[in-house]
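A closer look at the structure
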Amino acid sequence: MQQSTIARQRRVRIGCALAAAALVILPGLAGAQNGSISLSINQVLSGEFPHVTAYVTVVDASGLPILGLEETEFALQEDGAPVAQAEVSQAAVDGINVLLALDASGSMLGGTAMSDAQDAASTFLSQLGPSDQAGLIVFSEQADLVHDLTDDFAALSRSVQNVEAQPNARTALYEAVSEAAERIAQLPPGRKAIVVFTDGSDTVGGYSLKDAIDRAQEANVPLYTVGLVGGEFDPA
């Protein structure tokens, strides 16, 4: 991502597992007590266990990043017990590998769902930086890798815009997520994400919701969904 986005993140190196762990902002930081400051854990890397790296974001009530935080302004607990072996530092400007999964099922023909999804995906790609890579999976009756990871976002955006929804085609949503997670898992350790653009739920079968979640968890990759309102929009 662009450096302005990367600058929002902090890296915490922890000399223990993050299972059953809690990371909080201490009350001494202005706004922490009244809830106007929030912390989100974006990704956890455990490939070097017992050393675990967690990428977190701290924002104020307006959603703006809070920078320059020190170790003393964080508290890490595991099973309720304090963890002392933690290092807090600003994340390096590492690139991120992102797989986009774009719904091309028949329901995307309703309204402006398809064009909205394409525009949203292209806008997302325009925000990526030179150290980032992205790829494209298109799914309807099945999930197919249309464009492998690349830093040529103009070419990838053209591929996105060339996708056509297939009349009467069902939605292999869980297969798409599973396929994306399996491909992401094969990449070297680092920042990764899956972003799914869809207007509904899985209608194909073969893969279950549990399958999709399990594969994403095994790959240790965050999964984001962008819901599009089409003629057959299903918020489930």
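As shown above, the structure is provided for reference.
So, here is what we can say about the structure in this document. (Residues numbered from 1 in each chain as written. Predicted model: local features only at pLDDT ≥ 70, side-chain atom pairs only at ≥ 80, totals over all residues. Heavy atoms only, no water.)

This part is about the packing of helix H2 (residues 113-126) against helix H3 (residues 153-161). Viewed as axis vectors pointing N to C, H2 and H3 meet at an angle of 175°, and their least axial separation amounts to 9 Å. Comparing their axes, H3 and H2 come out roughly antiparallel. For the pair formed by H2 and H3, the contact residues are Gln118, Asp119, Ala121, Ser122 and Leu125 on the first element and Phe153, Leu156, Ser157, Val160 and Gln161 on the second. When its residues are assigned to classes, the contact of H2 with H3 shows five nonpolar, four polar and one charged. (Axes fitted to C-alpha atoms, helices over the stretch in contact; angles between N-to-C directions. Helix = DSSP H or I, 4+ residues; strand = E, 2+ residues; numbered from the N terminus. Parallel < 35°, antiparallel > 145°, perpendicular 65-115°, else oblique. Contact = heavy atoms within 4.5 Å. Nonpolar A, V, L, I, M, F, W, Y, C, P; charged D, E, K, R; others polar.)

Moving on: the pattern of salt bridges. Per the counting criterion, the structure on display carries four salt bridges. Salt-bridge contacts for glutamate 141 lead to arginine 170; the nearest nitrogen and oxygen are separated by 3.0 Å. Separated by 29 residues along the polypeptide, glutamate 141 in the loop between strand S9 (133-139) and strand S10 (143-150) and arginine 170 in the loop between H3 and helix H4 (173-185) bring together distant segments of the chain. By relative accessible area, glutamate 141 is classed as partly exposed at 35%. Of the charged contacts in the structure, one is a salt bridge between arginine 183 and glutamate 179, with a shortest N-O distance of 2.6 Å. Separated by four residues within a single helix, arginine 183 and glutamate 179 lie in helix H4, roughly one turn from each other. Accessibility expressed as a relative area gives 32% for arginine 183, which makes it partly exposed. (Salt bridge = Lys/Arg side-chain N within 4 Å of Asp/Glu carboxyl O. Buried < 20%, exposed > 50% of the residue type's maximum accessible area, 1.4 Å probe, protein only.)

Within the open sheet, the five strands sit side by side as S10-S9-S8-S11-S12. Their pairing is mixed. Edge strands, defined here as strands with exactly one partner in the open sheet, are S10 and strand S12 (223-227). Each strand axis lies, on average, 15° off the axis of its neighbour in the sheet, ignoring direction. Sheet topology places strand S8 (residues 96-103) next to strand S11 (residues 191-198); seven bridges connect them, and they run parallel. When the bridges of S11 are listed, leucine 102 appears paired with phenylalanine 197. Across the sheet, H3 lies against S8, S9 and S10, angled at about 10° from S9, the strand it touches most. (Pairing = 2+ DSSP bridges.)

As a further point, take the packing of aromatic side chains. Applying the stated criterion across every chain, the model contains zero aromatic pairs. Over the ring of tyrosine 55 we find arginine 191, and its NZ or CZ is 6.0 Å from the ring centre. (Phe/Tyr/Trp six-rings, centres within 6.5 Å; stacked < 30°, edge-to-face > 60°. Lys NZ or Arg CZ within 6 Å of the ring centre and 35° of its normal.)

In the case of a regular strand, side chains alternate between the two sheet surfaces. Sheet analysis places S11 next to S12, joined by five bridges and oriented parallel. Its bridge partner lying in S12, valine 196 is registered against threonine 225. Between the parallel elements S11 and S12, the chain passes through helix H5 (residues 209-219) in a crossover that is right-handed. (Right-handed = clockwise from strand over helix to strand, strands pointing away.)

Turning next to the environment of leucine 223. For leucine 223, the location among the structural elements is in strand S12. The spacing of leucine 223 and alanine 193 is 30 residues in sequence and 6.1 Å in space, taken between C-alpha atoms. Sequence-distant contacts of leucine 223, that is, excluding residues within four places in its chain, are made with Val177, Ile194 and Val196.

An α-helical segment advances 3.6 residues per turn. Residues three or four places apart therefore align on the same side. Burial in H3 covers these residues: Phe153, Ala155, Leu156, Ser157, Ser159 and Val160. Elements in contact with the buried residues of H3: S8, H2, S9 and S10.

What follows concerns the packing of H4 against H5. Two numbers describe how H4 lies on H5: the axes approach to 8 Å, and their chain directions differ by 15°. Put simply, H4 runs roughly parallel to H5. Handedness of the H4/H5 crossing: left-handed. Contact with H4, carried on its side by Tyr174, Val177, Ser178, Ala181, Glu182 and Ala185, involves Leu209, Asp211, Ala212, Arg215, Ala216 and Ala219 of H5 and no other residues of that element. Of the residues belonging to the contact of H4 with H5, the class tally is eight nonpolar, one polar and three charged. (Left-handed = near helix turned anticlockwise from the far one by under 90°.)

A few words on the side chain of serine 157. When you line up the elements, serine 157 lands in helix H3. Apart from the residues within four sequence positions on either side, serine 157 is in contact with Ser122 and Leu125.

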